[in-house]
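In case you want the letters, here they are:
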Amino acid sequence: MAQTNFNDILAFVAVAREGSFTRAAAKLGVSQSALSQTVRALEERLDLRLLVRTTRSVSPTEAGEQLLRTVAPRFDEIETALALLSERRDKPAGNIRISAGEHSALTVLQPAIARLLPDYPDIHVEVVVDNGMTDIVAARCDAGVRLGEQVAKDMIAMPIGPDFRMAIVASPAYFARHAPPATPQDLTSHNCINMRLPTLGGLFAWEFAKDGHALKVRVEGQLIVNNMALRLHSALDGLGLACMPEDVVLPCLADGRLVRVLDDWCPAYAGYQLYYPSRRHPSPAFTVLLDALRYRPPGPVRPAA
């Protein structure tokens, strides 16, 4: 019996996942025309149309979806098994892709990665900064970072940072023109710097809690951004109130460039967690990363002898 060649199926999987012959060809290191011929030959061999091609996009047909769903995971398992074999050496090695929001990437991931990479030159880390609720499996990420309550139940989660608070801040120049809000409801009459949510397209609601009473306020203002640095600089420029992670604005509060309001309405949140799909045999590189990121609360300070 002739041995089956699976190269054409691998080519189809690459095109279906990338949604583009151009990107798939670049990933596989072949020409676009050669890749197109390979996939067309597979369709002729199976006597099935697997892809719908237009001038702008490529998407699987129903038969293509079935092939992708049933066959692609087998190739992933083979790839994982081969990677595990290749990584059985003295120093961990390999590529790790992590999805994280802007704040967690700067305050938690970057410091840990800075400590890790110099000791492991064969580990390569890619951090994808995304403030949306990214599906890390669909995005082919090894792990993601979110607040604890946002992690799906079927994921393994590990704390990687301390609890933190948000702070409502504005510049002294802004408060020279506007009376500071005394309650969260007062924010509706203020110029607030809004943040657009990338996943749903809506605006971020500011969350408050006090004496067991929680509420969300949908604020309004002249400016909408989707970047933490822009929110901070806009607040410093006196354009309005901003809701910022406390640790980001502490230096500006200390030197008087910003003023904090509604402090007693800003609760503490459980810190960031690294989450990832269950895997029986994590790679040595991933295991090293887990250890570098694991949050270890500071112990009590011992008095000097």
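Refer to the structure printed above.
Residues numbered from 1 in each chain as written. Predicted model: local features only at pLDDT ≥ 70, side-chain atom pairs only at ≥ 80, totals over all residues. Heavy atoms only, no water.

Caption draft 1: Molecular detail of the overall build of the chain. For the chain, the helix and strand inventory stands at 9 helices and 15 strands. Considering the chain as a whole, with its 305 residues, one finds that 39% of them fall into the buried category. Only carbon and sulfur atoms are counted for the fraction: they give 54% of the accessible area of the chain, which is about 18000 Å². (Helix = DSSP H or I, 4+ residues; strand = E, 2+ residues; numbered from the N terminus. Buried < 20%, exposed > 50% of the residue type's maximum accessible area, 1.4 Å probe, protein only. Areas by Shrake-Rupley, 256 points an atom, 1.4 Å probe, with all protein chains shown as cover.)

Caption draft 2: Here's a closer look at the packing of aromatic side chains. This model, assessed by the stated rule, comprises 5 aromatic pairs. Between Phe164 and Tyr269 the ring centres are 6.1 Å apart and the planes differ by 35 degrees, which places this aromatic pair in the tilted class. Separated by 105 residues along the polypeptide, Phe164 in strand 7 (residues 164-170) and Tyr269 in strand 14 (residues 268-269) bring together distant segments of the chain. Of the residues examined, Phe164 reaches a relative accessible area of 13% and is grouped as buried. Of the residues examined, Tyr269 reaches a relative accessible area of 17% and is grouped as buried. Centroid distance Tyr276 to Phe286: 5.1 Å. Interplanar angle 75 degrees. Geometry classified as edge-to-face. Here Tyr276, found in strand 15 (residues 272-276), pairs with Phe286, found in helix 9 (residues 284-293); they are 10 residues apart in sequence, far enough to count as distant. (Phe/Tyr/Trp six-rings, centres within 6.5 Å; stacked < 30°, edge-to-face > 60°.)

Caption draft 3: Looking closely at the sheet that holds strand 3 (residues 94-100). With mixed pairing, 5 strands are arranged side by side in an open sheet as 4-3-5-15-6. For this open sheet the edge positions go to strand 4 (123-129) and strand 6 (156-159), each flanked by a neighbour on one side alone. Adjacent strand axes in the sheet meet at a mean angle of 25 degrees when their direction is disregarded. Pairing of strand 3 with strand 4 involves 7 bridges; the strand directions are parallel. Across the sheet, the residue bridging to Ile98 is Val127, located in strand 4. Each of strand 3, strand 4, strand 5 (143-147) and strand 15 is contacted by helix 5 (residues 102-116), which is oriented at about 170 degrees to strand 4, the strand it contacts most. In the packing of helix 9 onto the sheet, the strands contacted are strand 3, strand 4, strand 5, strand 6 and strand 15, and the crossing angle to strand 3 comes to about 45 degrees. (Pairing = 2+ DSSP bridges. Axes fitted to C-alpha atoms, helices over the stretch in contact; angles between N-to-C directions. Contact = heavy atoms within 4.5 Å.)

Caption draft 4: Just the pattern of salt bridges, in detail. On inspection of all chains with the given rule, the structure shows 14 salt bridges. In this structure, Glu43 and Arg53 form a salt bridge, with 3.2 Å as the shortest nitrogen-oxygen distance. Residue Glu43 is located in helix 3 (residues 32-46), and its partner Arg53 is located in strand 1 (residues 51-53); the two are separated by 10 residues in the primary sequence. Residues joined by salt bridges that share partners form a network here, namely Arg165, Glu246, Arg260 and Asp263. (Salt bridge = Lys/Arg side-chain N within 4 Å of Asp/Glu carboxyl O.)

Caption draft 5: Spatial organisation of the nonpolar core. Ranked by internal contacts, the top residues of the largest apolar core, which has 44 residues, are Leu187, Trp206, Phe208, Leu241 and Leu274. The contacts of Leu187, once residues within four sequence positions are left out, are Pro181, Cys192, Trp206, Phe208, Val217, Val219, Leu241 and Leu262. Listed in part, the 20 residues of the second largest apolar core include Ala11, Ala14, Phe21 and Leu51. (Core = buried A, V, L, I, M, F, W, Y, C linked by side-chain atoms within 4.5 Å.)

Caption draft 6: Main features of the side chain of Ser283. Along the chain, Ser283 turns up in the loop between strand 15 and helix 9. A polar contact is formed between the side chain of Ser283 and the backbone nitrogen of Phe286, at a distance of 3.1 Å. (Polar contact = N/O pair within 3.5 Å; in protein donor to acceptor, adjacent residues only side chain to side chain.)

Caption draft 7: Structural context of the packing of helix 5 against helix 9. Put simply, helix 5 and helix 9 touch, their axes get as near as 9 Å, and they point 120 degrees apart. Considering their axes alone, helix 5 and helix 9 lie oblique with respect to each other. For helix 5 against helix 9, the interelement crossing comes out right-handed. Note on element contacts: helix 9 touches helix 5 through Val288, Leu289, Ala292 and Leu293, opposite Val108, Leu109, Ala112, Arg115 and Leu116. (Parallel < 35°, antiparallel > 145°, perpendicular 65-115°, else oblique. Left-handed = near helix turned anticlockwise from the far one by under 90°.)

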